[in-house]
Amino acid sequence: MRLLDTLAAHAIPYIPRAAIRKISRRYIAGDTLADAVTRVRVLNNLGFSTTLDVLGKTVSTLAQADRMADEYIDVLDAIQANGLSAGISIKPSALGLMLDAQQCERLVDRILDSAGRHQTIVCIDMEDVTCTQKEIDLFRSVTARHGNVGLALQAYLRRTYEDIGPLLHERNTLRICKGIHVEDRSHLVDGAWNDRRAINTHFLSHVSRCLETGTLVGIATHDTQLVDQIIALARDMGVDNTKFEFQMLLGVCEPLRDRLLGLGFNVRIYVPYGRDWYGYSTRRLKENPAIAGHVLRALTGL
Ligand SMILES: Cc1cc2nc3c(=O)[nH]c(=O)nc-3n(C[C@H](O)[C@H](O)[C@H](O)COP(=O)(O)OP(=O)(O)OC[C@H]3O[C@@H](n4cnc5c(N)ncnc54)[C@H](O)[C@@H]3O)c2cc1C
């Protein structure tokens, strides 16, 4: 199966754009904010909360970063105007983190001021390892001024054991995910470079520390075995369902998300939208050969 995934990742440039577009419709709400609002409404009516994600990539000028901040604020306004059960996710690299960290923080402050007025939660996505320390520093700095902000941490990184300690607090919100980026093996927990399951023990350990300390935790995974282990862990610890939620990507493993909702758990769906659908889809595919394999299987019926 892994060979097929690797082949699929190499075949991406040869997959017709129209085919990527067709596949992306399942995973991306559409090109516009109006498309995203429509999709969120459907999900809300089914009982899911959501996180809106404006597709974007690392910017090369501060003017682009400024425009990105405006776009995030438009999303917050739309959430408020349409009474949606939704938060937003932001990518600091799209807000100029790698160009000027102080200016990026000012933009994040602007976004958080607006989110605070709407009582909306903003989660800072965790990007590749060149951003990790900067994003943790950014989170710690803005949490001194704002209460409506969360941070994603990646279980595939060895350093997360140290990073998470100072962030555990009942006022903080963390999202634990396995991690999507292709990183140098030296940063990863043992086995993670070639076996996604090898990350699970570490994922569980981080979630357990969040639950112990009352830190609100988003459990961002589609791994059924891991989900079942987390449910068992929460039951053993006697933790209330309101102290954590499951988070899944739009269009991925829908039977699992429906089962979790049916069991009475909070489930949040991450809803990307925007014009960069081709870039987003192909980047995700290249970054994670396993996902490329899912797409190839969907295209070919293999
Ligand atoms: C809400 C949310 C937020 C995230 N935020 C971040 C972030 O900030 N930073 C970051 O580095 N990563 C982020 N990720 C990505 C995450 O780190 C993983 O790479 C991704 O979710 C796949 O890992 P998994 O835990 O589902 O487990 P895996 O072991 O990779 O996958 C388990 C199973 O899930 C299914 N599956 C997984 N992904 C897909 C897919 N795209 N299409 C179809 N089936 C799939 C497959 O059946 C697979 O066997 C986020 C993921 C989610 C759900």
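These remarks concern the structure in this document. Note that the structure is predicted; figures quoted are calculated from it, not measured.

**What to know about the site of the ligand**
In the vicinity of the ligand lie 24 residues, with Ala152, Cys177, Arg196, Thr221 and His222 positioned nearest. Grouping the amino acids of the shell around the ligand by side-chain chemistry returns 12 nonpolar, eight polar and four charged.

**As for the environment of Thr58**
Topologically, Thr58 is positioned in the loop between β1 (49-54) and α4 (62-81). The class of Thr58 is partly exposed, set by 18 C-beta atoms lying within 10 Å. Through-space distance from the C-alpha of Thr58 to that of Leu97 is 8.5 Å; in sequence the pair is 39 residues apart. When neighbours within four sequence positions are excluded, Thr58 is seen to be in contact with Ser93, Ala94 and Met98.

**Quick word on helix α8 (residues 200-213)**
Look at α8: 20 Å from first C-alpha to last across 14 residues, which is about the 20 Å you get at 1.5 Å a residue. Every buried residue of α8 is accounted for by His202, Phe203, His206, Val207, Cys210 and Leu211. Buried positions along α8 lie against β4 (149-154), α7 (160-164), β5 (173-177), β6 (216-220), α9 (224-237) and β7 (244-249). One or two positions beyond α8, positive phi appears at Gly214, with a value near 75°.

**Topic: the nonpolar core**
The biggest cluster of nonpolar side chains holds 78 residues, and the ones touching the most others in it are Tyr72, Leu95, Ile111, Val122, Ile176 and Val271. Element by element, the count of residues in this core is highest for α4, at seven residues. If we skip the residues at most four places from it in the chain, Val271 touches Ala29, Ala36, Arg39, Val40, Thr50, Thr51, Leu52, Asp53 and Leu250.

**Section: the packing of helix α5 (residues 101-118) against helix α6 (residues 132-143)**
A pair of packed helices is characterised by two quantities: the angle between their axes and the separation of those axes. Orientation of α5 relative to α6, taken along the N-to-C sense of each, is 45°, at an axis distance of 11 Å. By the angle between their axes, α5 is oblique relative to α6. Note that α5 runs across α6; the crossing there is right-handed. Of α6, the residues touching α5 (which contributes Ala101, Cys104, Glu105, Val108, Asp109 and Leu112) are Lys134, Leu138, Ser141 and Val142. For the contact of α5 with α6, a count of residues per class yields six nonpolar, one polar and three charged.

**Quick notes on the pairing of strand β8 (residues 267-273)**
The buried fraction of β8 is high, at seven of seven residues. Side chains Val267, Ile269, Val271 and Tyr273 of β8 all project onto a buried face; the interleaved residues Arg268, Tyr270 and Pro272 project onto the opposite face, where all are buried too. Across six bridges, the pairing between β1 and β8 is parallel. Residue pairing for β8: Thr51 is matched across the bridge by Tyr270. The pairing of β7 with β8 spans four bridges and is classified as parallel. For Gln247, the partnering residue across the bridge sits in β8 and is Arg268. Between the parallel pair β7 and β8, the chain is carried across by helix α10 (residues 254-262), and the sense of this crossover is right-handed.

Definitions and cut-offs
Residues numbered from 1 in each chain as written. Predicted model: local features only at pLDDT ≥ 70, side-chain atom pairs only at ≥ 80, totals over all residues. Near = placed C-beta within 6 Å. Nonpolar A, V, L, I, M, F, W, Y, C, P; charged D, E, K, R; others polar. Helix = DSSP H or I, 4+ residues; strand = E, 2+ residues; numbered from the N terminus. Buried ≥ 20, exposed ≤ 12 C-beta atoms within 10 Å, placed from the backbone. Contact = placed C-beta atoms within 7 Å. Expected span 1.5 Å × (residues − 1). Core = buried A, V, L, I, M, F, W, Y, C linked by C-beta atoms within 7 Å. Axes fitted to C-alpha atoms, helices over the stretch in contact; angles between N-to-C directions. Parallel < 35°, antiparallel > 145°, perpendicular 65-115°, else oblique. Left-handed = near helix turned anticlockwise from the far one by under 90°. Pairing = 2+ DSSP bridges. Right-handed = clockwise from strand over helix to strand, strands pointing away.

Geometric descriptors of this kind do not, in isolation, establish any biological role.
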